[in-house]
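# Structural description and commentary
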Amino acid sequence: MSSLAIVNTNLHNNAPTEAPIVSSHNHWIRPLLDTVDRLRNLNVMKEGIQLPTIVVVSYQSSGKSSVLESLAGISLPHGQGICTRVPLVMKLMRNASPEIEIWLKYSDKVVPTDEDHITEAICTATDAIAGSGKGVSDTPLELYVRRDSVPDLTMVDLPGITRNPINGQPEDIYEQVSAIIIKYIEPQESIILNVLSATCDFSIYESIRMSKKVDKNGERTLAAVTKADLQPEGIVEKVTADDVSIGLGYVCVRNRVGDETYEEARKQEELLFKTHPLLSKIDENIVGIPVLAQRLVEIQAKMIARCLPELAQKINEKLDNSIHELNKLPTVITSSSEALMTFMNIICSVKESLHRLLIVGDVSDMHSSTRLADMLSKFSYDLQAEPQAATEFLMDEIKIVEMEKLTDYTCNQEYTTGYSRKMTEQGSFISAVVSLSKASFSLSRFRTVPITHLRKYHAELLHQAFDMKIRIKVYWPIVVRRIVDNTALYLQFTLKKLVDSQFQKEIVAELLNHRGGGDIVKMLEESPSVARKREKLKNSIKLLKESKDAVAAIVDQNP
């Protein structure tokens, strides 16, 4: 039978306790608790994986510290204001030896202490974490207690809730403490131990309100009722009516008074609930520190047993994702030869991509011919665009006619055909100018143009200017097409030459001429952001692998 199966079997056994507050389940709960503590020490929670945890919350001065003292058998800080200013992770470990071992862990420090100096050591460590003032911090302090009279429990004691800052506390002390409490009690894996004073109305307790916010039906909330000896009236009704929905039930306790030893306190507690006229009416199964210890051990065991399989699955999923993310990162380059090889692979890859895009044309809308055609079409359009019409038709041609008289521009058949066709309007145009009958004349290629300004020129000059105008008009489209064709041909030739030969040769030569390829190594150095991501993933993978091994060891364990 596996350890997880033993948990569920033993929870239904009613074996007597070995000592006043020692659970009978220590022999099988300890391995489970060690596994959870191991995961907590590995800080697996920073990977977003929650662990089964008993979280102790209360309003300030409700007797929370006294309850924890009774469970651990050691003294904790007391005084005005908030005594607990940081999450105190109390790890109680039963040991067969009568010798007590106590030590603290924080900020990578291990601080051994003893019963006489534990309070001072906790205060010193708290000051180191949260400062010497009255402020709080969510950075935990770990307290380890190994002795023969404690139950195997791990609990997180949180700062007590206070509405109004006192004695130099920060103005937003309530908000700070509330945020810490919600952070710890919100995960579904958390078991909430709500410490309530019998002297107060449970329904107005701030810690109850916070508990119900994250655990509406109280399915993972247990209440420890303190100071029952100070306010015995009505306590039976409070714990039986359950007006505040404490799903895991109540346990009424008596706090240690004055200089009582813990053994004396337990005897007085037992006597109180047996002999007091009101308190004796409470069911004996829900009174006393030993009962509270037993209930916490049982609830803790159930939660661990329930969570471990799902915990293993979450760890595996996180591990697989982290490995996948790490494998997606570029290979780390460790030498100049690797850098050169990697760079050459990049060059070849870019060359191949350029060849496909610019020459082969694998992707039609990206192919250079397509884009080149678009650009040259616009170029052709711009070249052929009609210039702003001159205010005086033929005047530019008249000024240059002496230079260009009777000069042929091309032997292109298209030119001669176009020229002959357009010159048929020359006679009509000259006649209109000379006849003085019209102020304008309509030409097929020039729209309607004014002609009165031309009557001062001799007809022969007008013939020559008109001839020049038509020659230029017909010749220009041929020139444009020639320019566009030659440009396209040159660009295609240059691109092919660049991709096929010059690209790789010139880039590599340029880089190698500088410090023998040192620039390549520098260029391919990993960016700081990628390096940080790689290191983070490596640390995460290491942590998750260790966590996986820890969980697997207990899940697969057989007695």
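Each value, and the rule that gives it
Residues numbered from 1 in each chain as written. Predicted model: local features only at pLDDT ≥ 70, side-chain atom pairs only at ≥ 80, totals over all residues. Heavy atoms only, no water. Helix = DSSP H or I, 4+ residues; strand = E, 2+ residues; numbered from the N terminus. Buried < 20%, exposed > 50% of the residue type's maximum accessible area, 1.4 Å probe, protein only. Contact = heavy atoms within 4.5 Å. Phe/Tyr/Trp six-rings, centres within 6.5 Å; stacked < 30°, edge-to-face > 60°. 1 Å grid on protein atoms, 1.4 Å probe; cavity = no way out; pocket = protein on both sides within 12 Å on 5 of 7 lines; lining within 4 Å. Points joined across faces, edges and corners; volume = space filled by probe spheres on them. Nonpolar A, V, L, I, M, F, W, Y, C, P; charged D, E, K, R; others polar. Arc of directions from axis to C-beta. Core = buried A, V, L, I, M, F, W, Y, C linked by side-chain atoms within 4.5 Å. Pairing = 2+ DSSP bridges. Axes fitted to C-alpha atoms, helices over the stretch in contact; angles between N-to-C directions. pLDDT = per-residue confidence, 0-100. Salt bridge = Lys/Arg side-chain N within 4 Å of Asp/Glu carboxyl O. Parallel < 35°, antiparallel > 145°, perpendicular 65-115°, else oblique. Left-handed = near helix turned anticlockwise from the far one by under 90°.

Per an unreviewed UniProt entry, the protein goes by GED domain-containing protein and derives from Brassica oleracea.

A word on the overall build of the protein. When its secondary structure is counted, the protein shows 17 helices and eleven strands. The 559 residues of the protein split such that 43% are buried. Once local pairs closer than 6 in sequence are excluded, the contacts in the protein between residues at least 24 apart make up 76%.

This paragraph deals with the packing of aromatic side chains. In total, this model carries five aromatic pairs according to the counting rule given. On the basis of an interplanar angle of 5° and a centroid distance of 5.0 Å, the ring pair of W103 and Y144 is categorised as stacked. Taken as a pair, W103 in strand 3 (residues 101-106) and Y144 in strand 5 (residues 141-147) lie far apart in primary sequence, 41 residues in all. By relative accessible area, which is 16% here, W103 ends up buried. Aromatic pair F202 and Y250: ring centres 6.2 Å apart, planes at 20°, arrangement stacked.

It is worth spelling out empty space enclosed by the protein at this point. Taken as a whole, this structure holds three cavities of 30 Å³ or more when the rule is applied. Looking at the largest cavity, its volume works out to about 50 Å³. Forming the walls of the largest cavity are Q50, E189, C307, E310, L311 and K314. Partitioning the lining of the largest cavity into residue classes produces two nonpolar, one polar and three charged. Here the second largest cavity is characterised by a volume of approximately 40 Å³. In terms of lining residues, the second largest cavity is bounded by L33, V36, R40, P52, T53, I54, T154, I191, Q300 and I304.

A few words on helix 14 (residues 426-435). The set of residues buried in helix 14 consists of Q426, F429, I430, A432 and V433. With its buried residues spanning 160° around the axis, helix 14 presents them on a single face. A positive backbone phi angle near 60° is found at L436, which sits one or two residues after helix 14.

Another aspect to go through is the nonpolar core. In terms of nonpolar packing, the biggest core is built from 66 residues, with L71, L143 and L292 touching the most fellow members. Element by element, the count of residues in this core is highest for helix 9 (residues 289-328), at 15 residues. What L143 contacts, discounting residues up to four positions off in sequence, is I74, L76, L88, V89, M90, K91, I102, W103, L104, I118 and I122. Counting residues in each nonpolar core, the second largest holds 20 residues, with I430, V449, I470 and V474 among its members.

What follows covers the sheet that holds strand 9 (residues 250-252). Overall, mixed pairing links the nine strands, which are arranged 4-3-5-2-6-1-7-8-9 in an open sheet. Here the strands that pair on one side only, and so sit at the sheet edges, are strand 4 (109-113) and strand 9. With direction set aside, neighbouring strand axes in the sheet form an average angle of 25°. Contacting strand 1 (53-58), strand 7 (190-197) and strand 8 (221-226), helix 6 (residues 206-214) crosses the sheet at an angle of about 155° to strand 7.

Further remarks concern the confidence of the model for the protein. Looking at the protein, the pLDDT average stands at 79 and 78% of residues meet or exceed 70. For the stretch residues 402-409, pLDDT sits under 50, and the model shows eleven contacts to residues farther than four places along the chain or on other chains.

Counted under the stated rule, the structure contains 21 salt bridges. Of the charged contacts, one joins E189 and K314 as a salt bridge, the two residues approaching to 3.5 Å between their closest N and O atoms. Of this pair, E189 sits in the loop between helix 5 (173-185) and strand 7 while K314 is found in helix 9, placing the two residues 125 residues apart along the sequence. For K314, a relative accessible area of 29% corresponds to the partly exposed category. Notably, a salt bridge pairs K533 with E325, separated by 3.7 Å at the nearest N-O pair. Here E325 lies in helix 9 and K533 lies in helix 17 (residues 528-555), a separation of 208 residues in the sequence. Overlapping salt bridges, with partners in common, bring together R38, K542 and E546 in one network.

Note on placement: V297 falls in helix 9. A relative accessible area of 0% places V297 in the buried class. Sequence separation between V297 and L33 is 264 residues, and the spatial gap between their C-alpha atoms is 10.0 Å.

Its identity as a non-glycine residue notwithstanding, K227 has a phi of 60°, on the positive side. Mapped onto the fold, K227 is located in the loop between strand 8 and helix 7 (235-241). For K227, a relative accessible area of 22% gives the class partly exposed. In this structure, S245 is a non-glycine residue whose phi angle is positive, near 55°. For S245, the location among the structural elements is in the loop between helix 7 and strand 9. For S245, a relative accessible area of 28% puts it in the partly exposed group.

Direction vectors running N to C along helix 5 and helix 6 enclose 40°, while the axes themselves pass 10 Å from each other. Viewed along their axes, helix 5 and helix 6 adopt a mutual orientation that is oblique. Like other packed secondary-structure pairs, helix 5 and helix 6 cross with a definite hand, here right-handed. Contact residues: Y174, S178, I181, I182 and I185 in helix 5; E206, R209, M210, S211, K213 and V214 in helix 6.

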